[in-house]
Each structure stands twice: as C-alpha cells, then as structure tokens.
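What follows is each chain in one-letter form.
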Amino acid sequence: MQAIRFHEYGGPEVLRYEQVPDPVLRQDQVLVRVKACAMNHLDLWVRMGTTRSPLPHIPGSDIAGEIVSVGEYVTGVRAGERVLLAPMAFCNHCPACADGRQNQCPQFTVLGNANDGGDCALISVPQVNVIPIPETLTFDQAASVPLVFLTAWHMLVGRARIRPGQSVLVLGAGSGVGIAAIQIAKKIFRATVITTAGTEAKMEKARQLGADHVINHYQQKIGNEVRRISGKQGVDIVVEHVGKATWEDSVKSLKAGGTLVTCGATTGPEVGLDLRFVYSRQLSVLGSYMGTLGELHEVLKFVFDGTLQPVVDRVFPLREARAAHEHMEKSQMFGKIVLNP
Ligand SMILES: [Zn+2]
C-alpha cells in the first residue's frame, strides 16, 4: 500500500510518500481502508522525534474509513461498515484497563505514536477500537472528531467535573481542543464561555460555535479581559493547552476555588506558579491526557446526534502530507487538517 512514512526525525521534508507492506490482519482484528486521517499537533512532535517513535514510522492518529475484512474471532461488525477508530492502544488486561481507565494503562499510547498510524491506505486494529459512524457524518468530519473531542471531554467532564451554568475560559478557539471544548461547555453544560483567537475571522467563527465572549489574544491581555468580563470574579474552569505563552494569564483568570486543567504545552512546558496564589485562592491545577474508551463513546453520542460538530479546516491528498504539515506549523487553521489517501 501507499503510505506517508519517515525514516529519520526532522522537518516536513523527512515525510516520504512510498510503498510499504500491507498490514497483516490478526484473528482478533479488523482491517480498515483509511478514507480520512486528521492531523494533530502530536503529528509534528512525532515527526520531530520528541516522542521517540520507532523508525521508519507512519504517523496519524485520527482515522475514519471502511471495514475491508474482519478476523475469525471478530463479531458484531462486518465488511463495508463505515467506522472511526478510537485513537489509542492499550493492553486491555491490566488493573487500569479492567477499570476502564485505559489512559492510565502502563502500555497506553496514542495511535500513530509508539505504533504505526493512519497516514496510509490500510490499517488493522483490535475490534475494541472500531466504532461505526452514522451516514450523516462524512469521513473527513468523522476523522476530525476522536482525539480532540475525547481530550476536551476528559478535561471538562472527567477531570474538572464541570457543572451546568459554570463559567469556562477556553484558550485557542481555532485549535481542535478549543473547538470541542467551547461546544461541550456551551451546548451540553450551558456554561458561559470565554475564548481567545488571533484574527477577526477566527473570533467570528468562535462566536458561531457558541462562545459568549472572544478575546483577541494578540491585542488584548487575556487575564485582564477575563476579569473585566466576569466582573472581577474570574472563571470556574480554564481549559489550557497552550503552556508557557498563556499560563500566567490562565492562572490569573481563575475564580477563587477555580480549576485549571491542562492537556498540553504547545508553546513550551516550563511555567511558574506562585504557591501563595494557589493556596490562598484554593485553586486546583489538574493534568489531563486523552481520555478513556468509555468517555469516547459518551462524547460520540453528542457528535452522532448533531449536538456537537466537528470543524474541518482543509483537506489535502495524502501524498501532499508535507504541505499539510507546513500548513499546520503556520498555525493559520481553524479546525482540523485532514489527509485523504
Ligand atoms: Zn492496560
């Protein structure tokens, strides 16, 4: 089959469109023809060697496609079904997996990180990863859902324990996690949502997703604006994934007793924290990593019934993955970049 693969870590130029062996279908697996694979920032880290993926490597975590065939032990799904794949691998027999906390499994990894991903024509995965999708979702839309909607759901619901009517600051409206978090907070929990964006066009799109207030993070100081908007109170929950560039503002934006939940550090991982501020204002700082398989099924219900909507920024042919990576590195997108084999 044809695949995007790299044999050394580096810039977008290391990506090669080349012939690789077809995957071998185990008896407990499902073989899927990839129709769309959405990109995440993880693809850039993986390509640059930050996560030390084995070489040569096929990246790509968010996959939608059609079942080609199923192994002898697989029941319940059949050839021809349209599906998306849970973007994770786990052992399925350790205490954490048995308890449904797959993202705490010692062997947990995001699909396309420690193992080969979906930037290719065919992939075989365990049946537990395969989730049928409704006709109302295109493959490009379906591929834009799993990783970011699961991450945002785990942050808001699993970790920060959002309650109806709370106030939420979501950093980076145009990012995949931002798009998902704004919608989950607004459409399901009727939260007051404040978010940030860098251009007038993106600010307008954020409002269309349901944001009540949008801060221009290039022209306004986020912490000051959140205090102004909230009548000096601050917000109940901050959804962080930016890291160094926004950390100070994010902490400053919290209400007394508020919760900051973080799933990433796109602009850098080293940040400061004034402990006097943390204990006197009784703040919670929580880490979040992907989510559980059960949570993916929970959030997908709202995607499948149309309450939550994936946003596709741009679709590239798979062989133009290099251009897609360059597009992502410029951070110009609002929504997901999708590759079509
Ligand atoms: Zn496990």
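Keep in mind that this is a model prediction, so the values were computed, not measured.

**A look at a nonpolar patch on the surface**
Part 1 of the argument: There is a patch of nonpolar side chains on the surface, built from Leu 273, Leu 275, Tyr 279 and Val 285 and spanning about 410 Å² of accessible area.
Part 2 of the argument: Structurally, the position occupied by Val 285 is in strand E15 (residues 284–287).
Part 3 of the argument: The class of Val 285 is partly exposed, set by a relative accessible area of 39%.

**Describing the side chain of Thr 259**
Part 1 of the argument: Checked against the element boundaries, Thr 259 lands in strand E14 (residues 254–262).
Part 2 of the argument: Thr 259 gets classed as buried once you look at its relative accessible area, which sits at 12%.
Part 3 of the argument: Apart from the residues lying within four places of it in its own chain, the contact partners of Thr 259 are Ala 160, Asp 236, Ile 237, Val 238, Leu 254, Ser 284 and Leu 286.

**Observations concerning the packing of helix H1 (residues 41–48) against helix H11 (residues 321–329)**
Part 1 of the argument: Packing of H1 against H11 leaves a shortest axis separation of 10 Å and a crossing angle of 110°. Considering the angle they form, H1 stands roughly perpendicular to H11. Every pair of crossing elements has a handedness; the one defined by H1 and H11 is left-handed. Contacts between H1 and H11 involve His 41, Asp 43, Leu 44 and Arg 47 from the former and His 325, Met 328 and Glu 329 from the latter.
Part 2 of the argument: Here the residues of the contact of H1 with H11 are counted per class, giving two nonpolar, two polar and three charged.

**Describing the coordination of the zinc ion**
Part 1 of the argument: For the zinc ion, the full set of protein donor atoms is Cys 91 (SG), Cys 94 (SG), Cys 97 (SG) and Cys 105 (SG), at a range of 2.3 to 2.4 Å.
Part 2 of the argument: Taken together, the four donor atoms coordinating the zinc ion span angles of 104 to 117° at the metal, a pattern that classifies the geometry as tetrahedral.
Part 3 of the argument: On the primary sequence, the residues serving as donors to the zinc ion are separated as C-x2-C-x2-C-x7-C.
Part 4 of the argument: Taking the relative accessible area as the measure of exposure, Cys 97 reaches 6% and is therefore buried.
Part 5 of the argument: Residue Cys 105 is classed as buried on the basis of its relative accessible area of 6%.

**Structural notes on the pairing of E14**
Part 1 of the argument: The pairing of strand E13 (residues 235–240) with E14 spans five bridges and is classified as parallel. When the bridges of E14 are listed, Ile 237 appears paired with Thr 259.
Part 2 of the argument: Handedness of the E13-helix H8 (residues 247–252)-E14 crossover: right-handed.
Part 3 of the argument: Across four bridges, E14 lies against E15 in parallel orientation. Within E15, the position partnered with Thr 259 by the bridge is Ser 284.

**A short note on the packing of aromatic side chains**
Part 1 of the argument: Going through the model one piece at a time under the given rule, you end up with four aromatic pairs.
Part 2 of the argument: Look at Phe 108 and Tyr 289: their rings are 5.9 Å apart centre to centre, the planes differ by 75°, and that puts the pair in the edge-to-face class. Pair noted here: Phe 108 is in the loop between helix H2 (95–98) and strand E7 (109–110) and Tyr 289 is in the loop between E15 and helix H10 (293–304), with a separation of 181 residues, a long-range link.
Part 3 of the argument: Of the residues examined, Tyr 289 reaches a relative accessible area of 45% and is grouped as partly exposed.
Part 4 of the argument: Both rings, one in Trp 153 and one in Phe 189, keep their centres 6.5 Å apart while their planes meet at 50°; by these two values the pair is tilted. With Trp 153 in helix H4 (residues 146–159) and Phe 189 in the loop between helix H5 (176–188) and strand E11 (192–197), the pair connects residues that are 36 residues apart, well separated along the chain. The pair Trp 153 / Phe 189 is uniform in exposure class, with both members buried.

What counts as what
- Residue positions are given per chain, counting from 1 as you read along its sequence in written order.
- Predicted model: local features are reported for residues with pLDDT of at least 70 only, side-chain atom pairs are reported and counted for 80 or more only, and whole-chain, interface and lining totals are derived from all residues.
- The basis for every side-chain value is the complete set of heavy atoms in the structure, and neither hydrogens nor water enter the calculation.
- The patches reported here contain residues having more than 30% relative accessible area and no salt bridge. Joining distances are 9 Å for like charges and 5 Å for nonpolar side chains (Val, Leu, Ile, Met, Phe, Trp, Tyr).
- Residue-level accessible areas treat just the shown protein chains as cover; the underlying method is Shrake-Rupley with a 1.4 Å probe.
- Salt-bridge detection follows one rule: a side-chain nitrogen of Lys or Arg within 4 Å of a carboxyl oxygen of Asp or Glu.
- In this text, helices come from DSSP runs of H or I with a minimum length of four residues, and strands from runs of E with a minimum of two, each type numbered from the N-terminal end.
- Residue exposure (1.4 Å probe, protein chains only): buried if accessible area is under 20% of the type maximum, exposed if over 50%, otherwise partly exposed.
- What makes two residues a contact is simply this: any of their non-hydrogen atoms within 4.5 Å.
- Every axis corresponds to a line fitted to the C-alpha atoms, with the helix fit spanning only the stretch in contact, and the corresponding angles, defined between N-to-C directions, vary from 0 to 180 degrees.
- Roughly parallel here means an angle under 35 degrees, roughly antiparallel means over 145, roughly perpendicular means 65 to 115, and every remaining angle is called oblique.
- By definition, turning the near helix anticlockwise from the far helix through less than a right angle yields a left-handed crossing, and turning it clockwise yields a right-handed one.
- Gly is placed with the polar residues, together with every amino acid not listed as nonpolar (Ala, Val, Leu, Ile, Met, Phe, Trp, Tyr, Cys and Pro) or charged (Asp, Glu, Lys and Arg).
- Distances define the donors: N, O and S atoms within 2.8 Å of the metal qualify, as do those within 3.2 Å of Na, K or Ca. Water is excluded, so some sites may look unfinished.
- Key to geometry: four donors with every angle between 85 and 135 degrees are tetrahedral; four donors are square planar and six octahedral where opposite donors lie over 155 degrees apart and all remaining angles lie between 65 and 115; all other sites are irregular.
- Note: two strands are recorded as paired if DSSP finds a minimum of 2 bridges between them.
- Handedness of a crossover is defined as follows: with both strands directed away from the viewer, a clockwise route from the first strand across the helix to the second makes it right-handed.
- Between 30 and 60 degrees the pair is tilted, below 30 it is stacked and above 60 it is edge-to-face, where a pair is any two Phe, Tyr or Trp rings, Trp via its six-membered ring, whose centres lie within 6.5 Å.

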